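Report on the structure
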Amino acid sequence: MGDEMKLKSRVKYYLLRLFRLRAGTHTIAMGLTLGFIPHWYPTFGIGAILSLGLAKLGRGNLVAAFLGGALGTAIWPFLFFLNYKIGSLLFHHSTSVTEFNNTADVAHLDFSHLTIHNIGSGGLLFFGGALVNTLLSFLFIYLTVYTLFKKYRLNILDKLKGKKETI
């Protein structure tokens, strides 16, 4: 029970930080989106640097990029699972690589075969799926965050602080 309360408290803290940012709506949405994007790919420990670098190049907010990167880091096995699933649908291909039962199976894979020099059918499925997922998640995350900040920022902040909703 104590760990669950810690997690809720931490999530609330980071949401408050995100919604209190004094940057523009576009800048925050771009930062969070670009911070999340590198986690569709095996970055071998440099995902956080890539998140911040992409956000800087795309003129996104760096704090939002850090939070987007943290979210991606927490769910990378699920993202890799989706890459293989979408890649197998895209290429109408069924291999043993795509026959996962859950995301825990992905977390135990050896991703060293996913290099440009050794892009066998598993690598092609993975990177094909990653490309589609990158494009779709970019649109979905950007539009969702932009809309939330543009229309509901103050209401969400009030709810997070525990105040009654303002109309």
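Residues numbered from 1 in each chain as written. Predicted model: local features only at pLDDT ≥ 70, side-chain atom pairs only at ≥ 80, totals over all residues. Heavy atoms only, no water.

Observations concerning the overall build of the protein chain
Threshold: Helix and strand definitions follow DSSP, with helices as H or I runs of at least four residues and strands as E runs of at least two, each counted in order from the N terminus. Accessible area is worked out with a 1.4 Å probe on protein chains only. A residue is then buried under 20% of its type maximum, exposed over 50%, and partly exposed in between. Residues count as neighbours in contact if any of their non-hydrogen atoms are within 4.5 Å of one another.
Within the protein chain, the secondary structure is distributed over seven helices and zero strands. Secondary structure of the protein chain in N-to-C order comes out as α-α-α-α-α-α-α. For the protein chain, the residues scored as buried account for 38% of the 167 residues in total. Across the protein chain, every contact between residues at least 6 apart in sequence was considered, and the portion connecting residues at least 24 apart equals 75%.

Considerations on the environment of H92
Residue position: H92 is located in the loop between α5 (76–90) and α6 (103–107). Here H92 falls in the exposed class, since its relative accessible area comes to 75%. Taking C-alpha positions, H92 is 9.6 Å from L125, a pair spaced 33 residues apart along the chain.

Concerning a nonpolar patch on the surface
Convention followed: Patch rule: a residue counts if its relative accessible area is over 30% and it has no salt bridge; like charges are joined within 9 Å, and nonpolar side chains (Val, Leu, Ile, Met, Phe, Trp, Tyr) within 5 Å. For accessible areas, the Shrake-Rupley method is used with a probe of radius 1.4 Å. Any residue's cover is judged against the shown protein chains and nothing else. For salt bridges, the criterion is a side-chain nitrogen of Lys or Arg within 4 Å of an Asp or Glu carboxyl oxygen.
A surface patch of nonpolar side chains, about 250 Å² in accessible area, is lined by L7, V11 and L15. Note on placement: V11 falls in helix α1 (residues 2–19).

Focus on the environment of G69
Within the fold, G69 resides in helix α4 (residues 62–74). Overall, G69 belongs to the buried group, its relative accessible area being 6%. With 38 residues separating them along the chain, G69 and G31 place their C-alpha atoms 9.6 Å apart. For G69, the contacting residues outside a window of four places in its chain are G35, F36, H39 and S51.

Focus: the nonpolar core
To keep it simple, the criterion reads: Residue types Ala, Val, Leu, Ile, Met, Phe, Trp, Tyr and Cys, when buried and joined through side-chain atoms within 4.5 Å, form a set referred to as a nonpolar core.
Membership of the largest hydrophobic core comes to 26 residues, with the highest contact counts inside it found for L18, I28, L32, A64, V145 and F149. Among the secondary structure elements, those contributing two or more residues to this core are α1, α2 (25–36), α4, α5 and α7 (121–161). For this core, the leading source of residues is α7, giving eight residues. Setting aside residues no more than four positions away along its own chain, A64 makes contact with L18, L21, I28, G31 and L32.

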